[in-house]
Amino acid sequence: MKKLRDAGVTVYAYRSSTSIEDVYRDTTVTGTLVGECDGAEKTVSWMKDRIGTVRQAVEGEQRPDVLYLFYGYTSGEGTFINEIIRTAGGNNVATKVGVSGYKQISKEVVVKQDPDWIILNEQDPAVPEEAGYRNLTAVRENQTIVVPIEYMNQPAPRVVYAITNLTKRFHPDAYAAANATTAETTTKTTISPVENEETTKSEGQAGFSVTSAVVGMVGALLCIRRWR
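Below: a short report on this structure. These numbers were taken from a predicted model, which means no experiment stands behind them.

1. Points about the nonpolar core
- Core analysis: the largest hydrophobic core is formed by 31 residues, its most contacted members being I84, I119, V147, M152, L166 and F170.
- Counting residues per element, the ones that place at least two in this core are α2 (20-33), α3 (37-58), β1 (65-68), α4 (80-87), β5 (117-121), β6 (144-147), α8 (149-152) and α9 (159-170).
- Looking at which element gives the most residues to this core, the answer is α9, with seven residues.
- Excluding its chain neighbours within four sequence positions, the residues that come into contact with F170 are P64, V66, A88, G89, G90, W117, I119 and I145.
- Residues L67, V93, I105 and A138 belong to the second largest nonpolar core, which totals eleven residues.

Following this line, the structure appears as structure tokens:
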């Protein structure tokens, strides 16, 4: 970063994101940086609208135990990924066993916790082929979900897609009852073009775009954040 600044390049370092509120903050900041405040405001409004629908859907629902696995690691307390899982109506197994931040999780712990659902991303899309994993409830009942990595691992507006995809799988009836379709139709009148957020990349999801440059800049700039 110092070399870039010494070369006369303007650099902005984002603070670490640990919550959905931080994603709202960074989206607003990016809109200011690129001169697209209106676009950023619309994007944040869209996010809050969709997440509001999800919160309505999962209220009072029984929460399944959920584990996110990637390269032998998981996400625990103090991460925005934990908040994605919680917002979608799941209990994050990692926090139940005292994981904070991003840490490796042993097979023995996973087997003992026996999650109802396992989330994977498309860069590491398979549950390990080891004894023990095959007997997990999530594996036996085919309750594994592969989510595009940019939805889960990048603290940007696309986290909304992860949240809605997961909610639809964890609580399909409650999600439908929350009148999500109406909310999506309303959203598309102010943010376009946007692909069907309920599909995963493996089903042809093209990715999130907005009429302004805000979201593209958020994705690019968040990749060069300064972690504290």
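2. Overview of the environment of D49
- Position of D49 among the secondary structure elements: in helix α3.
- Between the C-alpha atoms of D49 and V160, which are 111 residues apart in sequence, the distance is 10.0 Å.

3. What to know about the environment of V58
- Within the secondary structure layout, V58 lies in helix α3.
- Relative accessible area serves as the criterion here: at 7%, V58 is assigned to the buried category.
- Separated by 120 residues in the primary sequence, V58 and A178 have C-alpha atoms spaced 9.0 Å apart.
- With near-sequence residues (within four places) excluded, V58 lies in contact with R63, T87, A88, G89, T167 and H171.

4. What to know about the sheet that holds β5
- With parallel pairing, the four strands of this open sheet are ordered in space as β3-β1-β5-β6. Two strands bound the open sheet, and with one partner strand each, they are β3 (91-92) and β6.
- In this sheet, β3 lies alongside β1 in parallel orientation, the contact comprising two bridges. Opposite D65, over in β3, you have N91 as the bridge partner.
- Helix-sheet contacts for α9 involve β1, β5 and β6, and the interaxial angle to β6 is about 165°.

5. Overview of the pattern of salt bridges
- Applying the stated rule across the entire model yields five salt bridges.
- In this structure, R25 engages D22 in a salt bridge whose closest nitrogen and oxygen atoms are separated by 3.3 Å. Of the two residues, R25 and D22 both sit in helix α2, three residues apart, roughly one turn of that helix.
- Taking the shortest distance from any N to any O, the salt bridge between R25 and D26 comes out at 3.0 Å.
- Given a relative accessible area of 2%, D26 falls into the buried group.
- One network of salt bridges, in which partners are shared, links D22, R25 and D26.

6. Considerations on the side chain of T87
- Its location among the elements puts T87 in helix α4.
- Side-chain polar atoms of T87 contact the backbone oxygen of E83, separated by 2.7 Å.
- Excluding its chain neighbours within four sequence positions, the residues that come into contact with T87 are I20, I51, V54, R55, V58 and I163.

Cut-offs applied
- By convention here, each chain's residues receive numbers from 1 onward along its written sequence.
- Note on the predicted model: pLDDT of at least 70 is required for a residue's local features to be given, and 80 or more for side-chain atom pairs to be given and counted; whole-chain, interface and lining totals, by contrast, use all residues.
- For side-chain calculations, the full set of non-hydrogen atoms in the structure is used, while hydrogens and water are omitted.
- Within this scheme, the nonpolar core is defined by two criteria: the residues are buried Ala, Val, Leu, Ile, Met, Phe, Trp, Tyr or Cys, and they are joined through side-chain atoms within 4.5 Å.
- We call a residue buried when its accessible area falls under 20% of the maximum for its residue type, exposed when it is over 50%, and partly exposed in between, using a 1.4 Å probe and counting protein chains only.
- The way it works is that DSSP assigns letters per residue, a run of H or I at least four long becomes a helix, a run of E at least two long becomes a strand, and they are numbered from the N terminus.
- Note on contacts: a residue pair qualifies if any of its non-hydrogen atoms lie within 4.5 Å across the two residues.
- By definition, two strands form a pair when at least two bridges between them are found by DSSP.
- Every axis in this analysis is a line fitted to C-alpha atoms, fitted for helices over the stretch in contact. Angles between the N-to-C directions lie between 0 and 180 degrees.
- Any Lys or Arg side-chain nitrogen located within 4 Å of an Asp or Glu carboxyl oxygen qualifies as a salt bridge.
- Polar contact criterion, stated in full: a pair of N or O atoms within 3.5 Å, where within protein one must be able to donate a hydrogen and the other to accept it, and residues adjacent in sequence count only if both atoms are side-chain atoms.

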